[in-house]
Amino acid sequence: MKAAVVGASAGLGRALAERLAEAGHELVLVARDSRDLEAVACDLRIRFATSVRWLEADLAVPDAAGLRARIKDKLGRVDALFLVAGLGDDTDHGPMEEAALERVIAVNYTSPVAIANAFLPDLMDGSLSHLVGIGSVAAMRARSRNMVYGSAKRGLEFYFEALRHRLSAYPCRIQLYRVGFMDTSMLPGRGGPLAASPDSIARAILARLGGPGGVAYLPRWWRLVAILLGVTPWRLFIRFKG
Ligand SMILES: NC(=O)c1ccc[n+]([C@@H]2O[C@H](COP(=O)([O-])OP(=O)(O)OC[C@H]3O[C@@H](n4cnc5c(N)ncnc54)[C@H](OP(=O)(O)O)[C@@H]3O)[C@@H](O)[C@H]2O)c1
């Protein structure tokens, strides 16, 4: 399989790239920092003797058509596209500086939607079989923390659902994961004992590749939390400030 991982230099994206390389798949890694990308690609080539190339792109400055062209230039056909990159902001409990707000929306919503949109012809002609997006449990129910991040992730879910509806007659799979806390540099130390390892999440995503489409929770027990939060009355819910 030929796969592109957007947000592959760290955390979950890097873990996915590792598992894909281990399985012998041909990869293109995308992120902002060429030094990180070169180091990850080099490491994977040495450990797994597979073709791993990389592309620098800043999702805060969306150029989805250009990115699609560059990915296809490296890989030819793309079988699986993983849109993993995400960005939080410590000031995202309002008010935020406008530039920071726009960056959070661009990385978590505008760019992944624009990239999926750019690859729509590939999904429709059957060359791209798997589109995987990464959402967050922050989108379960709106709170005063991660206000912009959570709404961007909720928007991304909406787009993936619409895409799944649009492509229901096509053979491709559209999957989106509401991921819980992970032990990565995005939220260092924040998830405490609830934080999953990015490797365990990557393995679960790859085990479900080609399985049911739609939104799923990882780890799966977050679904129970979502149900409980969903039925919590507002007067109790406003007391949860964490
Ligand atoms: N960590 C958590 O607890 C948690 C919880 C729920 C959901 N998630 C979601 O899971 C996904 C992975 O998160 P993670 O914790 O693995 O994050 P991470 O460790 O911070 O890694 C983020 C990746 O995205 C890339 N990225 C960030 N901004 C970018 C930009 N402007 N342009 C291009 N690439 C960019 C980073 O590359 P550069 O360093 O080169 O920018 C890096 O490869 C995200 O979508 C996140 O929202 C995370």
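These remarks concern the structure in this document. In this text the structure is predicted, and so the values were computed from the model without any measurement.

Our focus in this paragraph is the site of the ligand. The full set close to the ligand counts 30 residues, and L12, R32, V84, Y149 and T184 are the nearest of them. A distance of 3.5 Å separates an oxygen atom of the ligand from a polar backbone atom of A85. Here an oxygen atom of the ligand and a backbone polar atom of M182 are 2.8 Å apart. Protein contact buries 93% of the 890 Å² of open area that the ligand shows by itself. Only α1 (11-22), β5 (130-136) and α6 (147-166) provide two or more residues apiece to the shell around the ligand. Considering each element in turn, the shell around the ligand owes the most residues, 3 residues, to β5. Looking at the shell around the ligand, its residues break down into 17 nonpolar, 9 polar and 4 charged.

Taken residue by residue, a regular strand's side chains alternate between the two faces of the sheet. Buried residues dominate strand β6 (residues 173-179), accounting for 6 of its 7 residues. When β5 meets β6, the two strands line up parallel, connected through 7 bridges. Within the sheet, the bridge partner assigned to V132 lies in β6 and is Q175. Viewed along the sheet, the connection from β5 through α6 into β6 turns out right-handed. For β6 and strand β7 (residues 214-218), the ladder comprises 5 bridges, and the chain directions are parallel. When the bridges of β7 are listed, L176 appears paired with V215.

So, how was this worked out
- Residues numbered from 1 in each chain as written.
- Predicted model: local features only at pLDDT ≥ 70, side-chain atom pairs only at ≥ 80, totals over all residues.
- Heavy atoms only, no water.
- Near = heavy atom within 4 Å.
- Polar contact = N/O pair within 3.5 Å; in protein donor to acceptor, adjacent residues only side chain to side chain.
- Areas by Shrake-Rupley, 256 points an atom, 1.4 Å probe, with all protein chains shown as cover.
- Helix = DSSP H or I, 4+ residues; strand = E, 2+ residues; numbered from the N terminus.
- Nonpolar A, V, L, I, M, F, W, Y, C, P; charged D, E, K, R; others polar.
- Buried < 20%, exposed > 50% of the residue type's maximum accessible area, 1.4 Å probe, protein only.
- Pairing = 2+ DSSP bridges.
- Right-handed = clockwise from strand over helix to strand, strands pointing away.

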